[in-house]
Amino acid sequence: MPRLKFCANLSWLFTDLPEFSQRFHAAAAAGFRAVEAAWLYDSDLKELQKAKEQTGLEVVLINTPPGDAKSGELGLGAVPGKETDFRQGLDLAVMYAKALDCKRIHLMAGRVPVGVDRGAVAMEMEATFVENLKHAADVLSKEGIFGLIEPINTRITDPRYFLDTPHQAAAIVQKVGHSNIMLQMDVFHWQIMDGNLTQNIQKYFPMLGHVQIAQVPGRNEPDSPGEVNYPYLFSLLEKLGYQGYIGCEYKPLGTTDAGLGWVREYWKSHK
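Source: prediction; values computed, not measured.

**Q** Could you clarify how one ought to interpret the packing of aromatic side chains in this entry?
**A** To describe a pair of aromatic rings, you give the distance between the ring centres and the angle between the ring planes. Enumeration over the complete set of coordinates arrives at twelve aromatic pairs. Centroid distance Trp190 to Tyr204: 6.2 Å. Interplanar angle 90°. Geometry classified as edge-to-face. Residue Trp190 is found in helix H6 (residues 187-193), and its partner Tyr204 is found in helix H7 (residues 197-204); the two are separated by 14 residues along the sequence. For the pair formed by Trp190 and Tyr204, the shared burial category is buried. For the cation-ring pair, Lys5 lies above Tyr245, with the distance from its terminal atom to the ring centre recorded as 4.4 Å.

**Q** Looking at this model, I keep getting lost on helix H8 (residues 230-240). Mind explaining?
**A** Within an α-helix, residues lying three or four positions from one another point in the same direction, as the helix has 3.6 residues per turn. By the burial criterion, the buried members of H8 are Tyr230, Leu233, Phe234, Leu236, Leu237 and Glu238. Looking at the buried side of H8, the elements it contacts are strand E1 (5-9), H6, H7, strand E7 (208-213), strand E8 (245-248) and helix H9 (261-269). The opening residue of H8 is Asn229, an N-cap whose side-chain oxygen sits 3.2 Å from the backbone nitrogen of Tyr232. At the exit of H8 stands Gly241, carrying a positive phi of roughly 85°.

**Q** What should I look at first to understand the UniProt feature "domain: Xylose isomerase-like TIM barrel" (unreviewed entry) in the protein chain in this one?
**A** Within this numbering scheme, the UniProt entry marks residues 24-265 as carrying the feature "domain: Xylose isomerase-like TIM barrel" (unreviewed entry). Along residues 24-265 the backbone is 41% helical and 13% strand, and the end-to-end C-alpha distance reaches 22 Å.

**Q** Is there a simple way to think about the sheet that holds strand E4 (residues 104-106) in this case?
**A** One closed barrel holds the eight strands; their spatial order is E1-E2-E3-E4-E5-E6-E7-E8, and the pairing between them is parallel. Strand-to-strand twist in this sheet, taken as the mean axis angle between neighbours without regard to direction, amounts to 30°. Two strands pair when backbone bridges link them, and strand E2 (residues 34-36) and strand E3 (residues 58-63) are joined in this way by three bridges, in the parallel orientation. Across the sheet, the residue bridging to Glu36 is Leu61, located in E3. Packed onto the sheet, H9 meets E1, E7 and E8 and runs at close to 155° relative to E1.

What counts, and where the lines are drawn
- Residues numbered from 1 in each chain as written.
- Predicted model: local features only at pLDDT ≥ 70, side-chain atom pairs only at ≥ 80, totals over all residues.
- Heavy atoms only, no water.
- Phe/Tyr/Trp six-rings, centres within 6.5 Å; stacked < 30°, edge-to-face > 60°.
- Helix = DSSP H or I, 4+ residues; strand = E, 2+ residues; numbered from the N terminus.
- Buried < 20%, exposed > 50% of the residue type's maximum accessible area, 1.4 Å probe, protein only.
- Lys NZ or Arg CZ within 6 Å of the ring centre and 35° of its normal.
- Contact = heavy atoms within 4.5 Å.
- Polar contact = N/O pair within 3.5 Å; in protein donor to acceptor, adjacent residues only side chain to side chain.
- UniProt positions renumbered as here; feature names shortened; annotations may be inferred.
- Pairing = 2+ DSSP bridges.
- Axes fitted to C-alpha atoms, helices over the stretch in contact; angles between N-to-C directions.

This is the structure:
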């Protein structure tokens, strides 16, 4: 069975360091060989490239831009009327991904408009998302990059996010019908929205392009108190032959380094 590979999410870990370039060095010093991040677009790209070269870290994943965060946007992929903005954001993400040799981009769906009933716009938003994903598939395939879509739970994290269950996401991936558009499984969100993790992971494993982890419900370290049995899930992913990275996207209870005992124990036991 392959040893699982973990990457540090620099939007969540080592946040006592203000610059992403500094977090690259902290992640490398902690033993990680790869990193991911949500949005790096406020960082100087040359500084990020320099940090990547100095540390030798692989950049595994970045997100498309959120849009106008001040007006409440969190991705534009499924938002009708924002197709041009989505494509511009995609182009920016591709530029950063190519510069950092990153092979995965999370294509964010976005939120249901304020004051609008989800059911009333669901079909239009899905159709918009599918068309935008087909466009993204064509753009990304030319660059050897995978596009990922991630359901985000609407019970705790974001009540208006359009894409919220693994089943909805899988159906959209199938409608898009491009091999380089895949599922991003954040166990935190999947557990909150649907549970049934073993069967869902087995069912959707062929579509999985990336995995992220955090304990439920606190979104802290995977070995913190909570309802998800991560040693079991790690064993399941090993048995299924998962070869991608697992992103550590959680809120450390203390310092990042103090909370890394779980991954150091895994590395030690899987030498």
